[in-house]
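Here are the chains, one letter per residue:
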Amino acid sequence: MSDQLVRAISKDGFVKAAAVSTRALTERARQIHQTSPVATAALGRLLAAGSMMGNELKGDGSSVTLRIKGDGPLGTLLVVADNEGNVRGSVQNPQIDLPIREDGKLDVGGAVGHGGTLTVIKDLNLKEPYVGSVELLGGEIAEDLASYFVESEQIPTACGLGVLVDRDRSVLRAGGYLIQLLPGAPDGVIDRLEKGIMAAGPVTNLLMENDDPESLLRRVMKDFELEILETVPVEYRCYCSRERMASALVSLGRKQLTELAEDPNGIELTCQFCDSRQRFTPEEIRELLEKASEA
């Protein structure tokens, strides 16, 4: 099944929810960045979260950026999602690996780090983007995101994210859910949600049984009647191009561009999200200089 995102609301109007299956896009990220199993799991969790958060944005061209700077060996994790839920991402040290935990699971928290920050940047095509940041709770990512919503947006939130890596290092399952209370929800709704989440069990187990996102939501929210609002395909999508890379070069300024133009080898730029490469010769760099002068 291709990757899909489902958005729903409870028929009592107290809860909104999203779920996503992201095996293919997580596998694409693994292939691009050649990630170790624990790096695949960490980046995959953040990609799933970014997809659900991006899809919720209104307005064409809106985007959300999730950045985790932890004190673990993976370094910085970065994910960018558009308003359709398509995502791209990178991890600073993709080959880092750690021993399996005693419970047999990948040590995502140890790889990300138990200290550090999660920063969310929402670009809604306004003058200034919205920026919120929270301290990491433990680096497992789902709990950190729930903490962000409570602290920065005052929205009670439950988040579950999971990535299963196969023996050949490929992605077997990936996805998650994001459930949030709407204004006016009575106290008892939280208890019903918590019971449903506890009864459903770990996200990875649910994904192995059935990774259809609507099925995932209905199992976690079995005590609620759900109205499905939309079901959309999502994918790993990078927007890089030669023109964008040329603009990035121009943004370096005249002094640095002049120095680059004097290098007989020119420069090769690599996209951090898709690893595509673009080489610019000294002559092309001088052309960029001239255009920048005319602007």
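The following paragraphs examine the structure supplied in this document. (Residues numbered from 1 in each chain as written. Predicted model: local features only at pLDDT ≥ 70, side-chain atom pairs only at ≥ 80, totals over all residues. Heavy atoms only, no water.)

## A look at the overall build of the protein chain
Right, so step 1: Helix and strand counts for the protein chain stand at 10 helices and 12 strands.
Right, so step 2: Relative to the globule expectation of 19 Å for 295 residues, the C-alpha radius of gyration of the protein chain, 21 Å, shows essentially globular dimensions.
Right, so step 3: Taken along its principal axes, the extent of the C-alpha atoms in the protein chain is 65 × 45 × 35 Å.
Right, so step 4: Counting only residues that meet the buried cut, the protein chain has 49% of its 295 residues in that class.
Right, so step 5: Sequence-distant contacts in the protein chain: of pairs separated by 6 or more residues, those separated by 24 or more amount to 63%.
Right, so step 6: When the accessible area of the protein chain is evaluated, it comes to approximately 14,200 Å², of which 49% is carbon and sulfur surface. (Helix = DSSP H or I, 4+ residues; strand = E, 2+ residues; numbered from the N terminus. Rg over C-alpha atoms; globule rule 2.2 N^0.38 Å. Buried < 20%, exposed > 50% of the residue type's maximum accessible area, 1.4 Å probe, protein only. Contact = heavy atoms within 4.5 Å. Areas by Shrake-Rupley, 256 points an atom, 1.4 Å probe, with all protein chains shown as cover.)

## So, the pattern of salt bridges
Right, so step 1: Applying the stated rule across the entire model yields 20 salt bridges.
Right, so step 2: For glutamate 209, the salt bridge identified is with arginine 219, shortest N-O distance 3.2 Å. Residue glutamate 209 is found in helix H6 (residues 203-209), and its partner arginine 219 is found in helix H7 (residues 213-220); the two are separated by 10 residues along the sequence.
Right, so step 3: Of the residues examined, glutamate 209 reaches a relative accessible area of 60% and is grouped as exposed. (Salt bridge = Lys/Arg side-chain N within 4 Å of Asp/Glu carboxyl O.)

## A look at the nonpolar core
Right, so step 1: Among the nonpolar cores identified, the biggest contains 64 residues, and Met53, Leu77, Val112 and Leu161 are the most heavily contacted of them.
Right, so step 2: The element contributing the most residues to this core is helix H2 (residues 37-55), with 11 residues.
Right, so step 3: Counting residues in each nonpolar core, the second largest holds 21 residues, with Ala17, Ala19, Leu181 and Leu207 among its members. (Core = buried A, V, L, I, M, F, W, Y, C linked by side-chain atoms within 4.5 Å.)

## Describing the side chain of glutamine 180
Right, so step 1: Residue position: glutamine 180 is located in strand S9 (residues 171-181).
Right, so step 2: There is a polar contact of 3.2 Å between the side chain of glutamine 180 and the side chain of threonine 157.
Right, so step 3: Those residues in contact with glutamine 180 that sit more than four places away from it in its chain are Phe14, Val15, Lys16, Glu56, Phe149, Ile155, Pro156 and Thr157. (Polar contact = N/O pair within 3.5 Å; in protein donor to acceptor, adjacent residues only side chain to side chain.)

## Let's talk about the sheet that holds strand S2 (residues 15-21)
Right, so step 1: Pairing is antiparallel across the open sheet formed by five strands, whose spatial order is S8-S9-S2-S1-S10. The outermost strands of the open sheet, each flanked by one partner alone, are strand S8 (157-165) and strand S10 (226-233). Taking each pair of neighbouring strands and ignoring which way they run, the sheet shows an average axis angle of 10 degrees.
Right, so step 2: Sitting on the sheet, helix H4 (residues 142-153) is in contact with S8 and S9, with an inclination near 160 degrees to S8. (Pairing = 2+ DSSP bridges. Axes fitted to C-alpha atoms, helices over the stretch in contact; angles between N-to-C directions.)

## A look at the sheet that holds strand S7 (residues 130-135)
Right, so step 1: Taken together, five strands build an open sheet; the order of strands is S5-S4-S3-S6-S7 and the sheet is antiparallel. Each edge of the open sheet is held by one strand with a lone partner, namely strand S5 (87-91) and S7. Taken over all neighbouring pairs, the strand axes of this sheet differ in orientation by 10 degrees on average, direction set aside.
Right, so step 2: H2 contacts strand S3 (63-70), strand S4 (76-82), S5 and strand S6 (116-123) of the sheet and is inclined by roughly 30 degrees relative to S4.

Purely spatial values, then, with no claim about function.
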